[in-house]
Structure formats: C-alpha cells, structure tokens
Amino acid sequence: MKRNFVYLSLIVLAGLSLIYSCSSNKAKVNPTPSTPAATVAIQNFAFVPATVNIKVGNSITWTNMDTAPHTATDLANAFDSGSLTTGKTFNFTFNTAGTYTYHCLIHSMMKTATVVVTN
Ligand SMILES: [Cu+2]
C-alpha cells in the first residue's frame, strides 16, 4: 500500500514536471523575426548599396566589413546601430513608410546612404 503511494507520487511528479517543461518551452518561443529584405555592407568607408528599397515590415541587416568601427545612424534618429566592430551586424525593421537618410557617426566624411520604405 505504501509502495503504491510512492509510485503514484512519482507518476504525479513526472507528469507535473512534463507539463512544466512544456509550458516553459512555450515561453521561450520568440516571435518570428522578420526576414531581412536587404543587406547592406559597410565596406571601404561606404554603405553598399547606398540606396535600398524595401517594403513596410521588412528589415535591413548591416554588416561592417571594415577593420574600422562604423555606425548606421539615421539622421532623424529612427535607428542607430551603435558602434559596429569588424564583422558585427545590425538589423532594423522598418514599420513606417518613408525615406530614411543615414550616416556613420564616427566618420563624418562617409557619404550618407538612403533607405526607401514603401507600402
Ligand atoms: Cu564609419
């Protein structure tokens, strides 16, 4: 009788831990990241390509290919990558249509680049 109770307790515990692990797994599921519509390389102190056209809801991933650090910083502060060292990436999703002009905060001589977001 006592033994049965121990088994029953173990089964209940196992069941509870299973439910718990399932629910905690569920909590870890992240919303689907929006797929990058475009990629921009920061290379030889320039944004390549200098103009990118995307749709609302899509994102752009910038990658710094230079040995020098760079930023991708919107002139109107819509986005700012912060300092990107070599090989680092920055992803931003554009949820508002418009034309975004951005530059590198570190190198004022770098040309500005443009993102055109349409509906
Ligand atoms: Cu720079």
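Before any of the text, the structure's been laid out above.
Residues numbered from 1 in each chain as written. Predicted model: local features only at pLDDT ≥ 70, side-chain atom pairs only at ≥ 80, totals over all residues. Heavy atoms only, no water.

A few words on the side chain of His70. Looking at the element boundaries, His70 is found in the loop between strand 4 (59–64) and strand 5 (73–74). The exposure class assigned to His70 is buried, which follows from its relative accessible area of 0%. Among the polar contacts listed, one links the side chain of His70 to the side chain of His107, at a separation of 3.1 Å. With residues up to four places along the chain from it excluded, the contact list for His70 reads Ile42, Phe45, Asn64, Ser81, Gly82, Ser83, Leu84, Cys104, Ile106, His107 and Met110. (Helix = DSSP H or I, 4+ residues; strand = E, 2+ residues; numbered from the N terminus. Buried < 20%, exposed > 50% of the residue type's maximum accessible area, 1.4 Å probe, protein only. Polar contact = N/O pair within 3.5 Å; in protein donor to acceptor, adjacent residues only side chain to side chain. Contact = heavy atoms within 4.5 Å.)

The subject of this paragraph is the sheet that holds strand 3 (residues 51–55). Read from one edge to the other, the open sheet built from four strands follows the order 3-8-7-5, with strand pairing classed as mixed. The open sheet has two edge strands, strand 3 and strand 5, and neither has a second partner. The sheet contact formed by strand 3 and strand 8 (residues 113–118) spans five bridges and is parallel. Looking across to strand 8, one finds that Val52 is bridged to Val115. (Pairing = 2+ DSSP bridges.)

On to the coordination of the copper ion. Around the copper ion, the protein contributes the donor atoms His70 (ND1), Cys104 (SG), His107 (ND1) and Met110 (SD), which lie 1.9 to 2.7 Å from the metal centre. Around the copper ion sit four donor atoms, and with donor-metal-donor angles ranging over 90 to 133 degrees the site reads as tetrahedral. As a motif over one chain, the donors of the copper ion read H-x33-C-x2-H-x2-M. Highlighted residues: His70 in the loop between strand 4 and strand 5 and Met110 in the loop between strand 7 (98–103) and strand 8, separated in sequence by 40 residues. (Donors = N, O, S within 2.8 Å, 3.2 Å for Na, K, Ca; no water. Tetrahedral: all angles 85-135°; square planar, octahedral: opposite > 155°, others 65-115°.)

Mapped onto the fold, Gly82 is located in the loop between strand 5 and strand 6 (89–93). For the pair Gly82 and Cys104, spaced 22 residues apart in the sequence, the C-alpha separation amounts to 9.5 Å.

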